[in-house]
Amino acid sequence: MQQSEHPEAPQAVGDAQDLPFPVVREVGLFACFDWLGRAFQDMRASPGGSLFYGACFAFMGLVLTTVFRHAYHLTSALVCGFLLLGPFLSLGLYDLSRQREAGQPPVLAHSLTAGGHNAGAIGVFAVILIIIFLVWARASLVVFALFYTTQMPSVEHFLEQVLTLQNVEFLMAYAVVGFIFASLVFGASVVAIPLMLDRRQDAVTSILASLFALGHNPGPMLVWAALIVVFAVIGFLTFFLGLIVLMPLVGHATWHAYRALIEPLQHPAGAA
């Protein structure tokens, strides 16, 4: 396996006050398929760690569905909101890819404490995601109250309505509101947490860099976002079991998206 071409891995470098603003690169329209290929190699190199995180995603989805099986208006809000927290919850997956990139064997235990060296910035970003999650949960309930025309659905009834396109007004309203929140999170997190993990970059700069990456690469980011949506839908339709494989794949690919979209940071003179 080749050693990393990025001199800053695996140690975080510098201080946020001393770091230049990240330089964003343009990528090809279908660059995400290369990221997924690299992600697959990461999963092969660390199957236990990758599937551990995937199983956590699936387990949480199943728990939420089971606990609120008679109140699926709550379940759908919580499960979709849980996926909004995905960029933060995938922190360990980014670290597994980072370890492998540095020529080290990926270690699950190390990934469980990833980001501790920049806990402040990552914590700020996590709080932002939690606020978005809470607002989404409220918005989801409002959409149900305004547009759902029958009794509150069970899991089976809800999926039946989605697959048969019953209650189109509700489905469209839910999709539009969900799209707004998902777009907000996606735009702010394209490279944000990998950047904070890798460079000790502050949260605001990392979010701005993500928005710049999106703005410089609208086509590739649209393709990447569409694939993530497809993976999430497959996860839902397989009662979350598909997430065991698909969420680690997305998480590892996000790390490679960061490497492709952001110019590597060179060590300043005399840096360790």
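Look up: the structure comes first, before these words.
Heads up: these notes are all about the structure in this document. Chains are numbered independently. Their residues run from 1 in the order of the written sequence. Where local features are concerned, this predicted model is filtered to residues with pLDDT of at least 70; where side-chain atom pairs are given and counted, the filter is 80 or more; whole-chain, interface and lining totals use all residues. Processing note: side-chain calculations cover all non-hydrogen atoms of the structure and skip hydrogens and water entirely.

So, on to the overall build of the chain. A run of H or I in DSSP becomes a helix once it reaches four residues, and a run of E becomes a strand once it reaches two; helices and strands are each numbered from the N terminus. Along the chain, the regular secondary structure elements total 13 helices and zero strands. The N-to-C order of helical and strand elements in the chain reads α-α-α-α-α-α-α-α-α-α-α-α-α. Think of it in three bands: residues with accessible area under 20% of the maximum for their type are buried, residues over 50% are exposed, and the middle band is partly exposed, with areas taken using a 1.4 Å probe on protein chains only. Counting all 272 residues of the chain, 49% fall into the buried class. Should any heavy atoms of two residues lie within 4.5 Å, those residues are counted as being in contact. If you take every contact in the chain between residues at least 6 apart in sequence, the share linking residues at least 24 apart comes to 79%. Per-residue and other accessible areas were derived by the Shrake-Rupley procedure at a 1.4 Å probe size, with only the shown protein chains allowed to occlude residues. In the form shown here, the chain has an accessible surface area of approximately 12,800 Å², with 71% of it arising from carbon and sulfur atoms.

Glancing now at the side chain of Ser-189. Mapped onto the elements of the fold, Ser-189 is located in helix H9 (residues 168-189). The exposure class of Ser-189 is buried, given its relative accessible area of 7%. We define a polar contact as two N or O atoms separated by no more than 3.5 Å, with the added condition that, inside protein, one atom must be a possible hydrogen donor and the other a possible acceptor, whereas residues neighbouring each other in sequence contribute only through side-chain atom pairs. Only 2.5 Å separates the side chain of Ser-189 from the backbone oxygen of Val-185, close enough to count as a polar contact. Every residue in contact with Ser-189, bar those within four places of it in the chain, is listed here: Pro-87, Phe-125 and Ser-210.

What follows concerns the pattern of salt bridges. By definition here, a salt bridge exists when the distance from a side-chain nitrogen of Lys or Arg to a carboxyl oxygen of Asp or Glu is within 4 Å. Evaluated as defined, the whole model comprises six salt bridges. Between Glu-263 and Arg-25 there is a salt bridge, with the nearest N and O atoms lying 3.5 Å from each other. Here the residue Glu-263 occupies a position in the segment after helix H13 (243-261), and Arg-25 occupies one in the segment before helix H1 (31-45), the gap between them amounting to 238 residues. Given a relative accessible area of 31%, Glu-263 falls into the partly exposed group. When its relative accessible area of 26% is taken as the criterion, Arg-25 is described as partly exposed. Members of the salt-bridge network, linked through shared partners, are Arg-98, Glu-101, Asp-198 and Arg-259.

This is a description of form; function is not addressed.
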